[in-house]
Amino acid sequence: MRFPTNLPARLEAWFQRRTMALARPGAPAAAAWIVPVLFGLVSVYLGQDENWDLRNYHWYNAHALLNGRLDLDMAPAQFQSYFNPLIDVPYYVLSTNLPGPLVGFLMGWVHGLNFILVLAIARLVIGDRADGARLPLLLAGAGVCGAGFLSQVGNTMGDNLTALLVLGALHMVMRGWDGLSELSGRTAGMLLASGLLMGLGVGLKLTNAPYAVALCLALLLVPASWPARIGFAFVQGCGVLAGMLASAGYWWIEMWERFGNPLFPQFNNIFKSPLAQQLGVIDNSHMPHGVLEALFWPFVFMAQVTRVSEIPLKIAVVPLLYALALVFAADWLRGRLARRAGAGSAASALSTRACGLLFFGLVAYLLWMKLFGIYRYLVPLELLAPLMVWILAERIFSAARAARIGGWLLAASTLAVFPFVSWGHAGCASPNFNASVPPLASPADTIVFTAHGDPPMGWLATFFPHEVRVIALAGGFPESPAWLERVHAAVAERPGPHYVMLAAARSEKENSLQRKRALVDALGLTDDAAGCARLERLTRRGRFHVDVRLVDAPGRACTLELQQRYVADLPEQDRARMQATREKLARYGLAVDADACQTYLATVGTAPYPFRFCTVTAAR
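Residues numbered from 1 in each chain as written. Predicted model: local features only at pLDDT ≥ 70, side-chain atom pairs only at ≥ 80, totals over all residues. Heavy atoms only, no water.

Here we take up the state of the cysteines. Counted by the stated rule, this structure contains two disulfides. Covalent S-S linkage joins Cys 532 and Cys 558, the inter-sulfur distance amounting to 2.1 Å. What sets the handedness of the Cys 532 and Cys 558 disulfide is the S-S torsion sign, and at about -100 degrees it is left-handed. Taken together, the positions of Cys 532 in helix H22 (residues 529-541) and Cys 558 in strand S8 (residues 556-562) put the pair 26 residues apart, joining distant regions of the chain. The buried category is assigned to Cys 558, whose relative accessible area is 0%. (Disulfide = S-S within 2.5 Å. Helix = DSSP H or I, 4+ residues; strand = E, 2+ residues; numbered from the N terminus. Buried < 20%, exposed > 50% of the residue type's maximum accessible area, 1.4 Å probe, protein only.)

Taken as a whole and assessed by the stated rule, the structure comprises 19 salt bridges. Among the salt bridges present, the one from Asp 331 reaches Arg 334, with a minimum N-O distance of 2.7 Å. Highlighted residues: Asp 331 and Arg 334, both in helix H16 (residues 317-340), separated by three residues, approximately one helical turn. Here Arg 575 and Glu 572 are joined by a salt bridge, their closest N and O atoms 3.0 Å apart. (Salt bridge = Lys/Arg side-chain N within 4 Å of Asp/Glu carboxyl O.)

Now for helix H5 (residues 100-112). Between its first and last C-alpha atoms H5 spans 18 Å; for 13 residues at 1.5 Å apiece the expected length is 18 Å, and the two agree. Buried positions along H5 lie against helix H2 (27-46), strand S1 (48-49), helix H4 (89-95), helix H6 (114-125), helix H8 (147-151) and helix H9 (159-175). (Expected span 1.5 Å × (residues − 1). Contact = heavy atoms within 4.5 Å.)

Quick look at the nonpolar core now. One finds Leu 357, Phe 360 and Trp 368 to be the most contacted residues of the largest nonpolar core, which totals 99 residues. Counting residues per element, this core draws most heavily on helix H18 (residues 379-396), which supplies 12 residues. If near-sequence neighbours (up to four positions away) are discounted, Trp 368 is found in contact with Pro 210, Trp 297, Phe 301, Gly 373, Ile 374, Tyr 375, Tyr 377 and Leu 378. The next biggest cluster of nonpolar side chains, apart from the first, holds 31 residues, and it includes Met 255, Ile 471, Trp 483 and Cys 597. (Core = buried A, V, L, I, M, F, W, Y, C linked by side-chain atoms within 4.5 Å.)

Here it is, written out as C-alpha cells:
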C-alpha cells in the first residue's frame, strides 16, 4: 500500500476549508458568546466537582469565614485552613442555594471567558491577517485546550478563575503598549488599573505572584527612555500592591492579629510565629533536582508528569514552547555572532509588544519553577503558550515554512491532550454536599478530632452544630510546642464527650463500577444473550477493569463485576486506619474506643464518602 505523499497538503487544505467561517468579520464576536457557553456545558457534562482540595479546604474555608469559626476550630483543613477564603465564597454561596448543574454551568462559563482574553491578546500581538481573525481565533482555541486548563473546567481550585485577572491585566498592558512613551496621567491610570487586576489575582491566590513580577519587568522593554520604563514598572507595582490589599489585606490583618504571621503558617521562617514550625513554603516537593533538571525541566515533567501533578495530565504545549524558545535563543545568539562578523542576518525582528509578551512568559516560568513547580499554577502561561509558539515559529522559520510548521506543531500538541483528565467529578445530587452526623447531647462541651490528612476531612467539619469545636491532630499542619499547648488547653476547657472522625474505607473502582453498570443497562447490553456477547467483546478490547458475569434475573441476562485484582479489602483498610489513629492519638494523650465507632454516610454529589465516628477518652 502506497502512502499518499500529498497527505499533509490535503489535510491542510481540508482544515483551511473547514475553518474559513472563522475569517468572517463577525466570527470573533460570535466565538466570544459561544465558547464560554460550550465550557459551561462541558462543566455540566463532567458533573459535580469533588476534587481533593475542595474536600480539604475550599468548602471549609468559605464556611468558616461566613460562620465565624476562625477562633473555634484548629486547622481542620490542615495548613490550608488559613488561606484567604474570599476566592471560595462565591462557589459556596452558589452551591448552598442553587442546584448542582446550574452551579457547574456558571463555573464553566466563567472559566470559558479566558478564551476571550487570549483572543484579544493574540489580535493585539500578531494582528488580524489577510483572512481576518482566523489565526487569533485558532490560537485562542488551542490555548483553552491545554491539559491544565481543561482539567480544572468548572472546579474550585481557582487557577482558571484567577487566570482571568492575570490575562486581564496583561491585555490592558498589551493594548496600551504603543502609547507607553512617557509617563502621563493617562498611562499611569492604565497601569494602575492593570496592576489592580493583577493584584486582585495575587491576593486571592498567592501562586499568581510570578505573573505580577513578570508583568512589571516586561514593562522595562517598552520603547521609551529608561526613567520612563522604570516609572511604568513602579506604577504597575503600586497597582499590584493596591489590588493585593483589596482582596487579601483584611485576611492578612486577621492572621497577623491571631497568629503573628500574615501568611500563617507559610513563610514562618520569616515571620516566626510561635504557633507553627519555622518553615517557608510548606509544599516544595515539585521542584527540579539540580541544575541539569532545571535546564530541561519541561521535558522532564512531560516524561514524568507525577513530578508536577497528582493526576496524569498530558502535558504537551509548554514543552513545545520551551523547545522553540531554546531554538530561538540559539538562533538569536548565532545572529548576534554573524552581525559581529559582518555577515548580517535576514531574519525578521520581533515587535516590542511580542518581545514584552515573551519576556513576561519567560520570567513567570522561571519564578514558577523556583517557587512552586506545580503544573496547574501555570494555567495563565499555558493559555498563552500557543500564541507564543506561533510568534517564535514566525521568527525562527521562513515565512513560507512558519505557518506549516507552527500549525502542525500546535495541532499535535493540542490533540495530544485528548481525552483529558480532571481532578474529580461525581454525578449531581440535591443537596450538592450532604452528611449525616450523629446527635450530640452537649455540643458546647464537645470536640471532634480528625487524625489524618488524607482523605481530607475539612468539608465534613461544616455539618456539625456551630458550638462543636473541630481540631485536626497529626494532619498536615506544622505543629509547634505552642500550638500543642493550645490543643491541650482546648481539651481541658471542654469536659466532653470527645470524638474522632475517620474516613471509612471506600472503593473508587466500586463507585466507577456502578456508573458503568448504569450505562450498559441504559444501552440495553445486559437484557439478553446477544447484548451480553457484545458487552463481552467490548470489555475484552478495552481496559475497563470489569468482567461480564451471567445472571438469571427477570429482564437481565448479565451484569458487570470488578476484576478480582481491583476488589479492595475494605475491612482491612479500616483496621489499618484505626491502628494508625490509635498511634497518632496516643502522642496527644488520647485513646480511641474502636468498639464504639459508628459509620455515617456523607456525599459530594452522588459520590459516597462514609466516615466513622468514635469516642475519644484520655489515655491511661
